[in-house]
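Architecture and fold: a report
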Amino acid sequence: MTEHHQHSKKQLQSIVTHPRTEQLFMTLISFFLAFLSVALIIIVLQNAGFDISMDQLYRYGVRDIIFTSSGLANTLYWTTPLIFTGLSVGIAFRAGLFNIGSQGQMAMGAVSAAIWAATIVPNTTFLTFLAKSPLNLVITMFIGGIVGGLWGYIPGKLKANFGAHEVITTILMNLVATNMLQFLVGSRTYSPFVNRSSVDAYGQTEVIVKSAKIEPINPSVSNFLNYSIFIALVIAIVMHIVLFRTRFGYRLRATGLNPTAAEASGINTKKMTIQAMVLSGALAGIGGALLVQGTFPYRYNLGMESTLGFEGIAVALLAQNAPLPIIIASLFFGYLHQSKVNLDVNTDIPADLIFVFQALVILFASSPYLARLLYRRMILDKTAKNKSSMLQSNQQEEES
Amino acid sequence: MDTGPNQVAIVLENISKSFGKVRALSNVTIKVNEGEILALLGENGAGKSTLMKILSGLYQPDSGRILISDRWLSQLPESQRVKNQNGDITEGLHEITISNPREGMLLGIGMVYQHFQLVESLTVAENITLGDEIVKSKFVIDDELMFETIRTLSEKYGLPIDPKAKVEDLPVGLKQRVEILKQLYRKANLIIFDEPTAVLTPLEVEELFNTMQELKKAGKSMIFISHKLREPLAIADRIVVMRKGEVVGETTPSTTTMADLATMVVGKKIVSSAERAKTQTHQVLFEVRGLTLENPSSPKPLLNNISFKVHTHEILGIAGIEGNGQTEMVDTLVGLRKPSSGSIVFSPHEGQTVDFTSLSTQEILNSGIAYIPEDRGTQGLVQDFNITENVWLAFHGSPETAQKYAEGQQKTHNIQSKIFLPLQLMKTTSSKIVNTFNVKAQSINQQIKNLSGGNQQKVILGREFAKNPKLVIASQPTRGVDIGVMEQVHTNLINLRNEGAGIVLVSADLDEILKLADRIVILYEGQIVGEMNSGELDLEELSHLMISGTYSEEENTK
């Protein structure tokens, strides 16, 4: 073996054995395993006499989304709120907190933004100027962030001061949010902010003022995809900077990785817990506000947040809580969300199949044992011999 | 002296065990006779627990053999007998292997742990039979038979207890009795008691000793692990003393005294004071007055009225057996716990005083002290951070300190930003520390968990000493590091002292304290029970104070 050859081989080795490469491969293997499992389920169902047309599944679940511009646009439309809820869960995770409450935080952000821009601004004399001011677009967004942040602050404070576990409290806050929404917009008889003239079955607010609306990028392609996706991308990048380049992010990560050491180094971990939960809630809340501001007909209606908050948990998990990979994971889950919608509208194929696929990806990704085993078998074993010789040479270097 | 059949029951022969580079046991041989209580005495880290873990099957020895008597072997259940019969036989002893705790149990070796292994919400009988239940059919437990069996068992050994009582309702002494019955139910031949008196009241200790006498009559062998002196003297037939992984002596209670035993446990220390520059001006740098920390779950405080002073140019050694309040004291000094009463005053410059009791940990650390935490893995470092990020743990509250260290007067980097991390400064600081302290790492971006313990400790020392501290609070600074790193740590501490810093050195390693400290205070059960200058040390007294908290008897009667 020549010197050069050996060197390049060594380089390849270090790439293959690098933890990040392993992570990437393991994610891919998780997809593969989830895909196989769903295929297996479909085969079983077909043999059991259910009519699942592969042709339809491909057409509406894959082709119409990936190979049409409107399908792609709608995927991106779902990507936007998923980036926010993914960041929301991811940031909390980085601080060592499992925020299950993004769903409720998002819903509260959405409804408050709608109430602000549809009821408060037009009906308050000293605020009416905002109905024409472009500033209102940002203010509405912030209102969502503030209320979402409040919804995160409560579990954060409870955790910091009384040790109440955030998983329990955020789940309960989700319930509070659900019933709050019902009260605010659910009933035409008593809800204070409901649109009473609406003929739709579900509760909804009035339409927001024009200045708070976010326009579609290209209405001829899709009525849904709007400029808020750029806000999402910017905020994801900002969150990356916050986590890895700021003093706040450093303290947040230290607290999440080892609260004992963080405390011993002088970090006020209780304060960090509260701040992280507020930030987490605010991100979900902004996501909710943008959902209202960017979706025709520009109002909040009950259930419009779908399960995007919970899908955020999956996004964060898949992206290992890193802001930039969260964008990619959101894209993937955005696609799945759209394919779910597509299958529901156009075919008899149960959209739950997509749910199953989502769940399986998470299952395989979060129980890395199987995937790691496969990865090590497939890729590492082949090079194991070289690896051991490499280790030896490393040891020699250390000794010398 | 011959009481009962003085026949060997079990022998541990030339047992050695290392963890990495640390040798925990070297060539340890002990034997236990039938119906004998053997006390195993030694400080923390003497190797007692490791030896017992080998005996119970938790660890495998690197070398050495375990042998049991013919009689013991013949009492074993069929499967174990066949399995071990092929082993080497010498003088009626059979070599056995204990590959896991379950096998140890089947061989008749039982352990009563200091922390009970009981299910609080189950009854006494259920706890005893758990894992080997008395059943009617495959899935149904035969309650009647179970209670009856346990009642007979407790009567047989004279250990009265209500089999139907819930364990959570029992006092500590009776819980321990349940543990003992558990071992007897499993037909243990040898019962190991791991510091059994630590949790008991004096009356309960009396009870336990009666129990042990009963068991002795029934022919059971017992090993009694302790680091106290009085109890082995009261109950044991033989006392084996261990120190630093070796057996250093064997004696019987009738032929030894407390003082002799204390010297044997702690060892003959050579006062090899490190070189120190003699200095005259000694100004009080740090003063702790009446520090008390209440224990929320017990009327006995964790720290009781602790007072001491540290001067400039001085290393104050806090000696004591571990678990006597050292951890709590250090936590309180750096503000991680708030004292119930007392004051902690730091005077970095003449005329200037800072009261730590009213400050947060961050403010205390910023006031010019270095803090080396006891447990580097959990308190000192964030394992998933890289070296640079871990170095920054010491500076994130005051980047100016890092700047002073890394760049002197140059101030090349702007660190004024309240928002952003000074990434460049972080790298410079980290590189300088890695180079100065000779940390063996591939790069400053390497994750700290991939470094050896010694190198991790160097990172902590490096970052703390880089603060150019006036006062160092060092807790177990050389735990688990090899000789080379230990020397480096010691040299660094002495240099700092010579430059004028005051150092509070808490260490379970008495050698380290003797080598470094100018003055020693002894901590026992949360109280300071004695103080000595390194010049006028009475080692016997020191050992005695550490182990019993009082001066030896002659001193008391004066």
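Residues numbered from 1 in each chain as written. Chains lettered and ligands numbered in written order. Predicted model: local features only at pLDDT ≥ 70, side-chain atom pairs only at ≥ 80, totals over all residues. Heavy atoms only, no water.

Side-chain direction in a regular strand flips from residue to residue, so the side chains alternate between the two faces of the sheet. Residue and element names in this part refer to chain B. Across the six residues that make up strand β14 (residues 314–319), a large majority, six, are buried. Of the two faces of β14, the one holding Glu-314, Leu-316 and Ile-318 and the one holding Ile-315, Gly-317 and Ala-319 are both buried throughout. Relative to strand β19 (residues 502–506), β14 is paired through five bridges, and the arrangement is parallel. Across the sheet, Gly-317 pairs through a bridge with Leu-505, a residue of β19. Across four bridges, β14 lies against strand β20 (residues 519–524) in parallel orientation. Directly across from Gly-317, in β20, lies its bridge partner Ile-520. (Buried < 20%, exposed > 50% of the residue type's maximum accessible area, 1.4 Å probe, protein only. Helix = DSSP H or I, 4+ residues; strand = E, 2+ residues; numbered from the N terminus. Pairing = 2+ DSSP bridges.)

Residue and element names in this part refer to chain B. On average, residues of chain B carry a pLDDT of 85, and 92% of them reach 70 or more. Confidence, read as mean pLDDT per element, is least for helix α21 (residues 553–557) in chain B (45) and greatest for helix α14 (residues 387–392) (96). pLDDT under 50 marks residues 554–558. Its contacts with residues more than four places away, or in other chains, come to three contacts. Of the two predicted TM-score estimates for the complex, the pTM is 0.78 and the ipTM is 0.84. (pLDDT = per-residue confidence, 0-100. Contact = heavy atoms within 4.5 Å.)

Our next topic: helix α9 (residues 247–257) of chain A. Of the residues making up α9 of chain A, those classed as buried are Arg-247, Gly-249, Tyr-250, Leu-252, Arg-253, Ala-254 and Thr-255 of chain A. Here the buried face of α9 of chain A lies against α4 (69–94), α8 (228–245), α10 (259–264) and α11 (269–294) of chain A together with α14 and α15 (399–407) of chain B.

Further remarks concern the sheet that holds β19 of chain B. Residues and elements named next belong to chain B. In space, the six strands of this open sheet follow the order β17-β18-β19-β14-β20-β21, with mixed pairing throughout. Whereas interior strands pair on both sides, the edge strands pair on one side only; in this sheet they are β17 (369–372) and β21 (527–533). Taken over all neighbouring pairs, the strand axes of this sheet differ in orientation by 15 degrees on average, direction set aside. Across five bridges, strand β18 (residues 471–475) lies against β19 in parallel orientation. Bridged to Leu-471 within β19 is Gly-502. The strands touched by helix α20 (residues 539–548) within the sheet are β14, β20 and β21, with β20 carrying the most contacts at an inclination of about 30 degrees. (Axes fitted to C-alpha atoms, helices over the stretch in contact; angles between N-to-C directions.)

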